[in-house]
Amino acid sequence: MSSLARFRPDRDDALALLAGVAAVSGSYAVAGPRPSFVASPVERAVSRTVPGEALALAIATLGDLAQQLNYVMAVVLVVAAVAVAARVALYAGAVTGNRAAPPVLTGALTWTLAVAASGAPLVAVGAAAPAALVVLGGAVSPGLASRLGGPAPLSSKRRRAVTTLGAAVGIAGAGYLAGERAAPDATAEEAPDVRGPNVDSETAEAALADVEAQSIDEPELPPLVSDRFYEVDINAVDPDLTAEEWSLSVTGAVEESFTLDYEGVLDLPAEQRFVTLRCVSDPLDGSKMDTALWTGTTVDHLLERAGPDSDCGCVRLHAADGYFQVFPIEALRDSLLAYGMNGKLLPRGHGFPLRTLVPGHWGEINVKWLTEIEFLNEDADGYWEQRGWQGTGEVVPIAKIETAVDRDGGRRLVGGRAYGGTRGVSAVEVSVDGGDTWREARLSESLSEVHDDVRADDAWRQWALEYDPPEGSHTVVARMIDGNGDVQPRERREPRPRGASGWVRREF
Ligand SMILES: Nc1nc2c(c(=O)[nH]1)N[C@H]1C(S)=C(S)[C@@H](COP(=O)(O)O)O[C@H]1N2
Ligand SMILES: [Mo]
């Protein structure tokens, strides 16, 4: 009975919970927001298994919050799993009367769980050691033990809860701060300049500087090159690749399959382009549409060497995060493989070291963290097609109303940006009476005028219109005319499954 006498359920529950928090915190302290952080693979597994309809609903109702909640859920799951392991270890110690068993078993079980999840044995030590230490601390420190446990009248139960919570918050906070310091650079501003034997950085600099001259001279309008480029991807934690370890394979239905390393990509002829991306999930009034100056090489150089021999004329791109997309080889031919963004090295969040930019297609086709170009003989579904989205295909034309400012004299300026993929934007028309009458808005110069050596045949244009607002309420409507002279379709359509389309309206 002596061993069972030391079986103290309340204290052990608290200790086990703390061990769980310590494991996740320790892992984050060592890994930071990287795939080796123990909750990352769990978040991945969860997001892969959520059915398409549920995912669409979550995105529609919660937006970007859906992914954050998923991430929190993954963290809670890992805390719970380690807590259960620690609880089992404490129980085993109590039953066997072996004082070394709880910390040793907790450490071993946590390490095994962490390796099973992330496959990173070293980072797993960062999870296992703190968990074992918490359990060890509970065993050797009578102070901690008595505060956490002992016979429990109501007041000391509350004290235990407070102590546990305080310790948990402290451990989690320390782990978070340490992990953030270990975080890799995420923003373009922090990234070094893009370099390479064929990269003309002067052109990039000049082009970016000259964009101003191309813009409509109204400071209230949103810019032609985005200050902050939206980010959309399937995981809360991005891949963390190094240029040295990374490579790109060309495989499948080809005459010659081969693999290029980072230097091999840089050795190919370089090119710069202004390219706009819009996510297929972007609502009419959303902001998942942006433009940057990209540096890279065209896929054509790889196609020449590979000699695709595909029965379906289709190709599947694979990425380091498990993402994949299938689309026609014809669309790939003129695509850019980009390693630079706005004159800087491509940031991690946008696909470092290499991403695809497919002219005129929805954002989802522009695969980031590209690792393999696989030529197929049979058509297949991409990641989002498997989840009920259209998948490939050209963007729909759109003219967004993003700015409305009232001028001193009583006039009002409305404006925004219009994008029609490779069809281009030849005009934007605005109605201030709900669509009865139309006038032509001012349009910025095409970005392809910025620099002789910089293409921009898949980029947006700014538009602006000043008008005298009528008395009372009225509706402003904007629509674009593409390069073929076609007016954009009026009918309003939700993002799912083929992208939000229709004339954008704003009530005043
Ligand atoms: N590897 C990978 N590539 C990806 C994604 C992803 O989740 N993984 N998301 C796609 C989607 S849906 C969009 S809209 C664009 C967004 O690119 P950005 O994050 O650079 O804006 O990347 C695409 N490429
Ligand atoms: Mo997207």
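Here the structure is a predicted model, which is why all the values come from computation and not from measurement. (Residues numbered from 1 in each chain as written. Chains lettered and ligands numbered in written order. Predicted model: local features only at pLDDT ≥ 70, side-chain atom pairs only at ≥ 80, totals over all residues. Heavy atoms only, no water.)

Another aspect to go through is the sheet that holds strand β20 (residues 504-507). Spatially, the 4 strands line up as an open sheet ordered β15-β14-β19-β20, and their pairing is antiparallel. Taken across any chain shown, the strands that pair with only one partner, and hence form the sheet edges, are β15 (439-440) and β20. Here 4 bridges tie strand β19 (residues 475-482) to β20, and the two strands are oriented antiparallel to one another. Its bridge partner lying in β20, V476 is registered against R506. (Pairing = 2+ DSSP bridges. Helix = DSSP H or I, 4+ residues; strand = E, 2+ residues; numbered from the N terminus.)

A cluster of acidic side chains, namely E255, D309, D311, E378, D379 and D381, defines a negative patch on the protein surface. Mapped onto the secondary structure, D309 falls in the loop between α12 (300-306) and β5 (314-319). D309 sits in the exposed class, given a relative accessible area of 54%. (Patch = residues over 30% accessible without salt bridge, like charges linked within 9 Å, V, L, I, M, F, W, Y side chains within 5 Å. Areas by Shrake-Rupley, 256 points an atom, 1.4 Å probe, with all protein chains shown as cover. Salt bridge = Lys/Arg side-chain N within 4 Å of Asp/Glu carboxyl O. Lys, Arg positive; Asp, Glu negative; His and termini not counted. Charge placed at Lys NZ, Arg CZ, Asp CG, Glu CD. Buried < 20%, exposed > 50% of the residue type's maximum accessible area, 1.4 Å probe, protein only.)

Counted by the stated rule, this structure contains 28 salt bridges. Of the charged contacts in the structure, one is a salt bridge between R407 and E218, with a shortest N-O distance of 3.0 Å. With a gap of 189 residues between them, R407 in the loop between β12 (403-406) and β13 (412-419) and E218 in the loop between α10 (201-214) and β1 (247-252) connect regions that are remote in the sequence. A relative accessible area of 13% places E218 in the buried class. A salt bridge links R412 to D406; its shortest N-O distance comes to 2.6 Å. Here R412 falls in the buried class, since its relative accessible area comes to 12%.

Right, let's talk about the domain arrangement of the protein chain for a bit. According to the domain assignment, the protein chain contains domain 1 (4-181), domain 2 (201-387) and domain 3 (398-507). Counting residues at the interface gives 40 residues for domain 2, matched by 45 residues for domain 3. The junction of domain 2 with domain 3 conceals about 3500 Å² of combined surface from both sides, 58% of it contributed by carbon and sulfur atoms. Where domain 2 packs against domain 3, one counts 6 salt bridges. Here R407 ties to E220 by a salt bridge, and the two come within 3.1 Å at their closest N and O atoms. Applying the counting criterion to the domain 2 and domain 3 interface returns 22 residue pairs in polar contact (both at pLDDT 80 or more). For the side of domain 2 that touches domain 3, the elements supplying multiple residues, two or more each, are α10, β3 (271-278) and β4 (289-298). Per element, the largest residue contribution to the side of domain 2 that touches domain 3 is 7 residues, and it comes from β3. (Domains from an automatic or database assignment. Contact = heavy atoms within 4.5 Å. Buried area = accessible area lost by both parts, 1.4 Å probe. Polar contact = N/O pair within 3.5 Å; in protein donor to acceptor, adjacent residues only side chain to side chain.)

For the rest of this paragraph, the subject is the packing of helix α3 (residues 39-49) against helix α5 (residues 65-96). Running from N to C, α3 and α5 point in directions that differ by 120 degrees, and their axes come no closer than 8 Å. Considering the angle they form, α3 stands oblique to α5. Seen along the crossing, α3 lies across α5 with a hand that is right-handed. Residue-level contacts link A39, V42, E43, V46 and S47 of α3 to Q67, N70, Y71, M73, A74, V75, L77 and V78 of α5. (Axes fitted to C-alpha atoms, helices over the stretch in contact; angles between N-to-C directions. Parallel < 35°, antiparallel > 145°, perpendicular 65-115°, else oblique. Left-handed = near helix turned anticlockwise from the far one by under 90°.)

Moving on, we come to the site of ligand 1. Not every one of the 19 residues close to ligand 1 is listed here, only the nearest: Y230, D321, H350, R355 and K368. Here an oxygen atom of ligand 1 and a backbone polar atom of I234 are 2.8 Å apart. When isolated, ligand 1 has an accessible area of 530 Å², and the protein chains bury 99% of it. Along the lines of polarity and charge, the residues of the shell around ligand 1 split into 10 nonpolar, 3 polar and 6 charged. (Near = heavy atom within 4 Å. Nonpolar A, V, L, I, M, F, W, Y, C, P; charged D, E, K, R; others polar.)

Below, the discussion takes up the side chain of N366. Structurally, N366 can be placed in the loop between β9 (355-357) and β10 (370-376). Given the relative accessible area of 2%, N366 is considered buried. Within polar-contact distance, the side chain of N366 engages the backbone nitrogen of V358 at 2.7 Å. Sequence-distant contacts of N366, defined by excluding residues within four places in its chain, comprise L277, R355, T356, L357, V358 and H361.

A few words on the state of the cysteines. Considering all chains together, one arrives at 1 disulfide under this definition. Between the sulfur of C312 and that of C314 lies a disulfide, 2.0 Å long from S to S. The sign of the S-S torsion, about -80 degrees, decides the handedness of the disulfide formed by C312 and C314: left-handed. For C312, a relative accessible area of 28% gives the class partly exposed. (Disulfide = S-S within 2.5 Å.)

Another aspect to go through is the packing of helix α6 (residues 101-118) against helix α7 (residues 121-140). In a packed pair of helices, the relevant descriptors are the angle between the two axes and the axis-to-axis distance. Interhelical geometry of α6 versus α7 gives an angle of 155 degrees and a closest axis separation of 8 Å. Here α6 is positioned roughly antiparallel relative to α7, judged by the angle of their axes. The crossing of α6 and α7 is right-handed. Listed contacts from α7 to P102, P103, T106, G107, T110, W111, A114 and V115 of α6 are P121, A124, V125, A127, A128, A131, A132, V135 and L136. The class makeup of the residues in the contact of α6 with α7 is 14 nonpolar, 3 polar and no charged.

The next thing to look at is helix α4 (residues 52-62). Taken together, the buried positions of α4 are G52, L55 and A56. Summarising the axial view, the buried residues of α4 lie within an arc of 100 degrees, below the 170-degree limit, and thus occupy one face. With respect to the buried face of α4, the exposed residues turned more than 90 degrees away are E53, L57 and T61. Backbone geometry just downstream of α4 places G63 in the positive-phi region, at approximately 65 degrees. (Arc of directions from axis to C-beta.)

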